[in-house]
Structure formats: C-alpha cells, structure tokens
Amino acid sequence: MNFYVGVISPNKAKRDIDILMRSMGFADVSIFEGKSAVSKFFGNLFSMLNLLLKLKKNDVLLIQYPFKKFYALQCRIARLKGAKTVTLIHDLGTFRRHKLTAEQEVKLLSLTDFIIVHNDSMKKWLETQGCLVPMCSLEIFDYLSDSNPSDAMQDNASHNHVVYAGALGERKNTFLYQLDALLGGCVMDLYGRGNLQTDLPWKNIHFKGFKASDDFIADAGGDWGLVWDGDSVDECSGNWGEYLRINNPHKASFYLRAGMPVIVWKQSAMAKFITENNLGIAIDSLKELSQVLTEMPKEKYQEMKSEVMSFKDKLNDGFFFKKAFAVALKTI
C-alpha cells in the first residue's frame, strides 16, 4: 500500500498534488479536525499515529514539504517501519520565510529517500549545501482546473495586453508603482488583493480586483502573463528575486493554464524552460517590455500561443508530477 498525508491548505499547488495522489491510487492517512490552530495540530498529530499503524515495509509515502513540525516525524516513522519516503518541495524555508538556515534545511531534507525539486537550479543549490539525497526536477508545477480558456486565436495586429495576477503586497510588488510609465503602447490588467495601493491615477494599468482562479482561466483575456517580483523594474530584486533564481513560481503555471504565454525574468530559473519550450519570452528589465511586445511579429506570437494552448492540457493532466514521481519510484 502507498500513502500520502493530505493537507488542509489554501495552497493550490498542494491541493492539486493531493488530487493527483488519489487518482494514482495512494491512500490519505490524514485525520482532519476543524480549522483552528489547536485542532489542526491535533489532527496532524493523530495523522502521525495513523501513519505509524498503517505504514508497512516497502510502502511509499509522499510528503509535501514544508510540513511544519511534522516533516521529520513522518520521515522517521517511515524509516522505522521499513518504508520509503518521497519529498516534493514546494518552498524552501531558507528563502521563503528565512526561518531556516541552509544547514538546517539540508539536515531536514536528508531524512527522506528521494526529493523532487523544482528545477536543476534548485537541485544544484541543495547539492552545493551538502544534500546527498537522490533528486530529480519537476520542471514546472501542474495546474488542475475544470475551466478552459477560449480556443479562438485573436487576429490582432499587436499582442500587447499583459496580465499580472496574485497576492498584491508592498514588499513583493512595489515594482508596479514604476511600471505604468513604462508601458507606452501596452496595457496591463492587474488582478488580486492585498495591501498594495491600487487607486492611483495609472494610465496603462487597470486594476480589476480579485477574480477566482477558475473564472480567471475561463475569461482573463490577456495576451501575456507577467511573472515578476520585487521593488525594481530593472531586475527581480531582493529576497523575492533571489528566490526566483531557483524556484518555479506557481503563477507561471496559472498563466499557462489560462492559455497565455508568459514573460519571465531572464535570470530566473524558469527562463530556460519557458524559452526552450516556446511558451513565452525572457527579459532582463521591464524597461524592455513595451518595445519587445510592440515590435514582435504577429506570427511569432501566434506560434507561442499555439504551443501554450497545447501545453496547458499537460498541466491539467498532472503530466510533470507523474513523470517526476515515476523517476522517484524507480530510484528508490
């Protein structure tokens, strides 16, 4: 028998993995107890006891990382019972919240038997920090949804309609304050909610408020999805920018699932995958954006759009997780 520990989380990527694990015949050993912090703690604790009772020799346990206080316990229970663990990394604490040092993170991850990392850059970083656990790259996060974008190819002379969506915060998205003045010839629709000031006299950026993800996929209507973080238009700066050098933003999968080619920072870990698969473009600075989009030949954009419309079905089928997990099973 094979297992996973389900999650109570608003995190879309984690919920999608739960769905894929069930579709692959894995059993959830979670015991969910309400929504309060106390009930969640005891729910997770009882789930560990359930795992101890059910796990047997040669079983496989999939763990989504981070799993707060219980990650190490899950790995140790599995080892005690003679089972194997596969860890799928969603976020590294060293970068995301800075609550772990690289040494502490590697010590935790060394308890598992196999790690599915985001990409080769993350794999290299972990190896540099001393992680000896076998790893493979996910390449990109899948994105499950019952919604679909329109298949109609718009025959516009220019494709200069950019979309930016997500949690909007002063720390993460302040580059937007500078961007409006740089968008001559382009327009941007801004979706999301948070503490970013959005009632400014922008000329080219149009704030659309929050839209549920399935509704966004069905009718966002943009030509491009922008993946950019930080306080600078010249680069993805600060902690968020450093993290983009090794992680796969789930936002990129979201845009692609909505049928939009993506715009990424050239120094991000996603740039190679996006450009090699003709799923979008990579730029050094947002100061280049207007010129790049307004001068792009219609045929080049339509070729990318066709690739994305085909690629989105792979994301909806869980193609990339299933492929990486098959490598994990073969290795362990």
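The model shown is predicted, which means the values in this text are computed figures rather than measured ones. Every chain's residues receive numbers from 1 upward, in the order its sequence appears when written. Residues qualify for local features only when their pLDDT is at least 70, as the model is predicted, and side-chain atom pairs are given and counted only at 80 or more; totals for whole chains, interfaces and linings, by contrast, use all residues. The side-chain figures draw on all heavy atoms in the structure; neither hydrogens nor water molecules are used.

Caption draft 1: Summary view of the sheet that holds strand 11 (residues 262–265). Read from one edge of the open sheet, six strands run 9-8-7-10-11-12, paired in parallel fashion. Only two strands of the sheet have a single neighbouring strand rather than two, namely strand 9 (205–209) and strand 12 (280–283). Mean inter-strand twist for the sheet, computed between neighbouring axes without regard to direction, equals 30°. Relative to strand 7 (residues 161–168), helix 10 (residues 250–257) is tilted by about 135°, and along the sheet it contacts strand 7, strand 10 (224–226) and strand 11. Whether two strands pair comes down to DSSP finding at least two bridges between them. Secondary structure elements are defined from DSSP: runs of H or I of at least 4 residues count as helices, runs of E of at least 2 residues count as strands, and each element is numbered from the N terminus. Only the stretch in contact is used when fitting a helix axis, every axis being a line fitted to C-alpha atoms; angles between N-to-C directions are given from 0 to 180 degrees. Note on contacts: a residue pair qualifies if any of its non-hydrogen atoms lie within 4.5 Å across the two residues.

Caption draft 2: Local environment of the packing of aromatic side chains. Aromatic rings from Phe, Tyr and Trp, taking only the six-membered ring of Trp, are treated as a pair when their centres fall within 6.5 Å; an angle between ring planes under 30 degrees marks them as stacked, one over 60 as edge-to-face, and anything in between as tilted. What the rule picks out here adds up to 15 aromatic pairs. On the basis of an interplanar angle of 75° and a centroid distance of 4.9 Å, the ring pair of Tyr65 and Tyr71 is categorised as edge-to-face. As far as burial versus exposure is concerned, Tyr65 and Tyr71 are alike and both buried. Their ring planes at 10° and their centres at 5.6 Å tell us that Phe95 and Tyr243 sit as a pair that is stacked. Taken together, the residues Phe95 in helix 4 (residues 93–96) and Tyr243 in helix 9 (residues 238–244) connect sequence positions 148 residues apart. Judged by its relative accessible area of 16%, Phe95 falls in the buried class. Relative accessibility decides the category of a residue: with a 1.4 Å probe and only protein chains considered, values under 20% of the type maximum give buried, values over 50% give exposed, and everything between is partly exposed. Here Tyr243 falls in the buried class, since its relative accessible area comes to 3%. Consider the ring centre and the ring normal. A charge sits over the ring if Lys NZ or Arg CZ is within 6 Å of that centre and within 35 degrees of that normal. The side chain of Lys314 reaches across the aromatic face of Phe319, ending 4.7 Å from its centre.

Caption draft 3: Focus on the nonpolar core. The nonpolar core is taken to be a set of buried Ala, Val, Leu, Ile, Met, Phe, Trp, Tyr and Cys residues, with the residues joined through side-chain atoms within 4.5 Å. Counting residues in hydrophobic clusters, the biggest one holds 76 residues, and the most contacted among them are Ile116, Phe216, Leu226 and Phe321. Filtering out sequence-adjacent residues up to four positions away, Ile116 remains in contact with Val86, Thr87, Leu88, Ile89, Cys136, Leu138, Phe321, Ala324 and Phe325. Core analysis: the second largest hydrophobic core is formed by 36 residues, Leu61, Cys75, Ala78 and Met122 among them.

Caption draft 4: A look at a positive patch on the surface. Taken together, the side chains of Lys40, Lys68, Lys69, Arg97, Lys99 and Arg171 make up a positively charged region of the molecular surface. Residue position: Arg171 is located in the loop between strand 7 and helix 7 (176–179). For patch building, the residue pool is restricted to those with more than 30% relative accessible area and no salt bridge; the joining distance is 9 Å between like charges and 5 Å between nonpolar side chains (Val, Leu, Ile, Met, Phe, Trp, Tyr). For every accessible area listed, the method is Shrake-Rupley and the probe measures 1.4 Å; residues are considered covered only by the protein chains on display. Here, a salt bridge means any side-chain nitrogen of Lys or Arg that lies within 4 Å of a carboxyl oxygen of Asp or Glu. Note on charges: Lys and Arg go in the positive column, Asp and Glu in the negative column, and His and the chain ends are not counted at all. One atom stands in for each charge, and that atom is NZ of Lys, CZ of Arg, CG of Asp or CD of Glu.

Caption draft 5: Molecular detail of the pattern of salt bridges. For the coordinates displayed, the defined rule picks out nine salt bridges. Asp234 is paired through a salt bridge with Lys287; the nearest N and O atoms lie 3.2 Å apart. Highlighted residues: Asp234 in the loop between strand 10 and helix 9 and Lys287 in the loop between strand 12 and helix 12 (289–295), separated in sequence by 53 residues. Assessed through its relative accessible area of 39%, Asp234 is described here as partly exposed. With its nearest N and O atoms 3.8 Å apart, the salt bridge here joins Lys266 to Asp284. In this pair, Lys266 is assigned in the loop between strand 11 and helix 11 (270–276) and Asp284 in the loop between strand 12 and helix 12, connecting sequence segments 18 residues apart. Its relative accessible area of 44% is what places Lys266 among the partly exposed residues. On the basis of relative accessible area, Asp284 is assigned to the partly exposed category, the value being 32%.

Caption draft 6: Representation of the sheet that holds strand 6 (residues 135–137). One open sheet holds the six strands; their spatial order is 2-1-3-4-5-6, and the pairing between them is parallel. A strand with exactly one partner marks an edge of an open sheet, and here the two such strands are strand 2 (27–28) and strand 6. Pairing of strand 1 (residues 2–4) with strand 3 (residues 60–65) involves three bridges; the strand directions are parallel. The residue bridging Asn2 from the neighbouring strand is Val60, located in strand 3.

Caption draft 7: Inspection of unusual backbone geometry at higher detail. In the segment running from Tyr65 into Pro66, the intervening peptide bond is cis, with an omega of 5°. On the secondary structure map, Pro66 appears in the loop between strand 3 and helix 3 (71–81). For Asn58, which is not glycine, the phi torsion reads 75° and is therefore positive. Looking at the secondary structure, you find Asn58 in the loop between helix 2 (37–54) and strand 3. In this structure Asn58 comes out as exposed when scored by relative accessible area, which is 61%.

Caption draft 8: Up close: the pairing of strand 8 (residues 187–194). Looking at chain direction, strand 7 and strand 8 are connected through eight bridges and run parallel. Looking at strand 8, one finds that His161 is bridged to Val187. When strand 8 meets strand 9, the two strands line up parallel, connected through four bridges. Across the sheet, Asp189 pairs through a bridge with His206, a residue of strand 9.

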